[in-house]
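Here is how the chains run, residue by residue.
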Amino acid sequence: MPSAKDWRTPVDETGDDALQYRDIAMGYLSRNSRYQADYVRALRRVKRREITADDATSALVRRWGMSFHAAPSSAFDPKLAIARPDLAPDNIVLARAPPDLASAQPFDVAALGSVRAKMALEGRLHVILADADGDAHIWVLDSPDRPLAAMLPFGANLAIGLAAVERLRRRLRGLSAGAPPLRPPPSRRRHLLTLLRVLDGHQIGASRRELAATLIDAAVRAFSAAEWVESRERKRISRWLTEAIELRDGGYTRLLCGD
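Everything quoted here is computed from the prediction, not taken from an experiment. (Residues numbered from 1 in each chain as written. Predicted model: local features only at pLDDT ≥ 70, side-chain atom pairs only at ≥ 80, totals over all residues. Heavy atoms only, no water.)

What follows covers the overall build of the protein chain. Within the protein chain one finds 8 helices and 7 strands. Summarising its shape, the C-alpha atoms of the protein chain cover approximately 75 × 40 × 30 Å along the three principal directions. Looking at the protein chain as a whole, 44% of its 259 residues qualify as buried. For the protein chain, restricting intrachain contacts to residue pairs at least 6 apart in sequence, the fraction spanning at least 24 positions comes to 65%. Averaging the coordinates of the 40 positive side-chain charges in the protein chain and doing the same for the 32 negative ones gives two points 3 Å apart. (Helix = DSSP H or I, 4+ residues; strand = E, 2+ residues; numbered from the N terminus. Buried < 20%, exposed > 50% of the residue type's maximum accessible area, 1.4 Å probe, protein only. Contact = heavy atoms within 4.5 Å. Lys, Arg positive; Asp, Glu negative; His and termini not counted. Charge placed at Lys NZ, Arg CZ, Asp CG, Glu CD.)

With respect to the secondary-structure elements, histidine 69 resides in the loop between β1 (66-68) and β2 (81-83). With near-sequence residues (within four places) excluded, histidine 69 lies in contact with Tyr39, Ala53, Asp54, Thr57, Ser74, Ala75, Leu80, Ile82 and Met119.

Another point: the packing of aromatic side chains. By the definition in use, this model includes 5 aromatic pairs. Seen from their ring centres, tyrosine 35 and tryptophan 64 are 5.7 Å apart, and the 85 degrees between their planes marks the pair as edge-to-face. Of this pair, tyrosine 35 sits in helix α2 (residues 33-47) while tryptophan 64 sits in helix α3 (residues 53-64), and the two are 29 residues apart along the sequence. The pair tyrosine 35 / tryptophan 64 is uniform in exposure class, with both members buried. (Phe/Tyr/Trp six-rings, centres within 6.5 Å; stacked < 30°, edge-to-face > 60°.)

Moving on, we get to the side chain of serine 231. In this structure, serine 231 sits in the loop between α7 (225-230) and α8 (232-255). A polar contact of 3.1 Å, which involves the side chain of serine 231, links it to the backbone nitrogen of arginine 234. (Polar contact = N/O pair within 3.5 Å; in protein donor to acceptor, adjacent residues only side chain to side chain.)

Of the voids in this model, the second largest pocket is the one considered here, and its volume is about 380 Å³. As for the second largest pocket, its lining consists of 16 residues, and the residues nearest its centre are Leu94, Gln105, Pro106, Leu148 and Leu172. When residues of the lining of the second largest pocket are assigned to their parent elements, the largest contribution, 4 residues, is made by helix α4 (residues 158-172). In terms of residue class, the lining of the second largest pocket is built from 12 nonpolar, 2 polar and 2 charged. (1 Å grid on protein atoms, 1.4 Å probe; cavity = no way out; pocket = protein on both sides within 12 Å on 5 of 7 lines; lining within 4 Å. Points joined across faces, edges and corners; volume = space filled by probe spheres on them. Nonpolar A, V, L, I, M, F, W, Y, C, P; charged D, E, K, R; others polar.)

The next subject is the sheet that holds strand β3 (residues 92-96). Here we have 5 strands laid out as an open sheet, ordered β4-β5-β6-β3-β7, and mixed in their pairing. Strand pairing shows two members of the sheet lacking a second neighbour, β4 (115-121) and β7 (148-151), which therefore form its edges. Strand-to-strand twist across the sheet, computed as the mean angle between neighbouring axes with direction ignored, equals 25 degrees. When β3 meets strand β6 (residues 136-140), the two strands line up parallel, connected through 3 bridges. Following the sheet pairing, isoleucine 92 is matched in β6 by isoleucine 138. On top of the sheet, α4 reaches β3, β5 (124-129), β6 and β7; it is set at about 75 degrees to β3, its chief contact. (Pairing = 2+ DSSP bridges. Axes fitted to C-alpha atoms, helices over the stretch in contact; angles between N-to-C directions.)

Our focus in this paragraph is the pattern of salt bridges. Evaluation of the coordinates by the stated rule reveals 19 salt bridges. Measuring nitrogen to oxygen at the nearest pair gives 3.6 Å for the salt bridge that ties aspartate 38 to arginine 41. Here aspartate 38 and its partner arginine 41 are both found in helix α2, 3 residues apart, which amounts to about one turn of the helix. The class for aspartate 38 is buried, based on a relative accessible area of 13%. Judged by its relative accessible area of 46%, arginine 41 is partly exposed. Its salt-bridge partner being arginine 146, residue aspartate 142 comes within 3.3 Å of it at the nearest N-O pair. A residue is classified by how much of its surface remains accessible, and arginine 146, at 37% relative accessible area, is partly exposed. A single salt-bridge network, built from bridges that share partners, covers Asp6, Arg8, Glu210 and Arg221. (Salt bridge = Lys/Arg side-chain N within 4 Å of Asp/Glu carboxyl O.)

Function cannot be read off these values alone, since they describe shape.
In structure tokens form, the structure reads like this:
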């Protein structure tokens, strides 16, 4: 997997305004050792031409809910992280329109501007539209040459789906798509990125006191053993570590909904 930055280095949030929840979720999954092994095996099979990159990616996405694209030439590209549409409500899902829906049009990829990637996953076209404010992901469940309509399942995440489709509508009209619906607010983004630093430090053997001293308050290094045991900093770093491990080991799927 891509080498992590030194966990002691403060996060440079310059340019991070476009981070979406799916990007951060992929950060947690990419630190899961079982996913790492699964992904590396998939890459090896693709290199040996036993399977295509798209088929390898399909299997990973089916198992983990999301994955990097398993193409050796672009392995670990964070912009090529794909999430299952049933888990990520900001995916735009296009299906064959009813025959009496006269306003429905075919899906013209060429009219969408900058396309980051096109792939065939589970026999379905998946398109990633590049956008400085946050990429858009589209699943096409039928031939793009047929008239299509957006699928918007009723439920708690309907507003997210509507906002994602509105971004696509604006893009088709030649307008700025605007901010994506699942971009975390600054305080939430900082917390989630801090928890990634907690994971990185923990995984290379940093003690909880060292984690707390680096991420919370350097003064804890001077605490006596008794002061450290009773300190708020020890309790906070323990909570953070528990939360980070849970996100790495499956909780990342909740982030795909903005939770």
